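Structural overview for review
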Amino acid sequence: MDLSICQLLFLFSILNIVLGGDMMRKSIVYDKKTPNVFYCPLNKPTGFDKLFVHSRPLKKLCEFDGKPLPEDYKSDCFQDVDETEYACKEKYRIMMRLHPPGTENDKESTKWEKAYKKVVRKRKRQQSQ
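An account of the accompanying structure is given in this report.

Parameters at a glance
Residues numbered from 1 in each chain as written. Predicted model: local features only at pLDDT ≥ 70, side-chain atom pairs only at ≥ 80, totals over all residues. Heavy atoms only, no water. Helix = DSSP H or I, 4+ residues; strand = E, 2+ residues; numbered from the N terminus. Expected span 1.5 Å × (residues − 1). Buried < 20%, exposed > 50% of the residue type's maximum accessible area, 1.4 Å probe, protein only. Phe/Tyr/Trp six-rings, centres within 6.5 Å; stacked < 30°, edge-to-face > 60°. Axes fitted to C-alpha atoms, helices over the stretch in contact; angles between N-to-C directions. Parallel < 35°, antiparallel > 145°, perpendicular 65-115°, else oblique. Left-handed = near helix turned anticlockwise from the far one by under 90°. Contact = heavy atoms within 4.5 Å. Salt bridge = Lys/Arg side-chain N within 4 Å of Asp/Glu carboxyl O.

**Digging into helix α2 (residues 85-98)**
In this model, α2 (14 residues) spans 20 Å end to end at C-alpha, consistent with the 20 Å of a helix rising 1.5 Å per residue. Taken residue by residue, α2 has Y86, A87, C88, E90, K91, Y92, I94, M95 and M96 as its buried positions.

Listed below in structure tokens is the structure:
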């Protein structure tokens, strides 16, 4: 009897960790009404209805492009969520929406299109391994 209770507690613990990590990963918020900023959590999110965020300039999202963070770096977002792989993918997706291929500012559009294609190729290589 005690063994099954321990197994259930272990299962719930694992489930909580997985769901909590997913919530952290998805806590980067972008609103097209405010195109120059993104929002990230101040504290650990306990639910999307209780997610306290603050705005940061869009250029600060994935500022280090997935590279290791400097030792003296102090993030404004909880657990550096703005520098995760998910945050970088979000930035490319957002920038492709803001600068779609074939728009007036073709130089900016081309830059983000190349960056997005690079991320897609990297993702495909990781999936095939």
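**Points about the packing of aromatic side chains**
All told, the structure shown has one aromatic pair when counted by the stated rule. Ring plane angle 85 degrees and centroid distance 5.1 Å describe the contact between F64 and Y73, whose orientation is recorded as edge-to-face. Y73 gets classed as partly exposed once you look at its relative accessible area, which sits at 22%.

**Here we look at the packing of α2 against helix α3 (residues 106-128)**
A pair of packed helices is characterised by two quantities: the angle between their axes and the separation of those axes. Axis separation between α2 and α3 bottoms out at 9 Å; the angle between their running directions is 140 degrees. With respect to α3, the element α2 is oriented oblique. Both α2 and α3 take part in a crossing whose hand is left-handed. Of α3, the residues touching α2 (which contributes E85, K89, K91, Y92, R93, M95 and M96) are E108, W112, E113, A115, Y116, V119, R123 and Q126.

**Side note on the pattern of salt bridges**
Counted under the stated rule, the structure contains three salt bridges. Across the salt bridge formed by E63 and K60, the nearest N and O atoms sit 3.3 Å from each other. Residue K60 is classed as partly exposed on the basis of its relative accessible area of 27%. A salt bridge links R93 to E90, with the shortest nitrogen-to-oxygen separation between them at 2.8 Å. A residue pair is termed a helical-turn pair when its members lie 3 or 4 positions apart in one helix, as R93 and E90 do in helix α2 at three residues. Using a relative accessible area of 11% as the deciding quantity, one classes E90 as buried.

**Digging into unusual backbone geometry**
Here the phi dihedral of Q79 falls at roughly 50 degrees; this positive angle occurs in a residue that is not glycine. Examined against the element boundaries, Q79 turns out to sit in the loop between β2 (53-57) and α2. Taking the relative accessible area as the measure of exposure, Q79 reaches 59% and is therefore exposed. Look at D80: it is not a glycine, yet its phi comes out positive at around 55 degrees. The residue D80 is located in the loop between β2 and α2 in this model.

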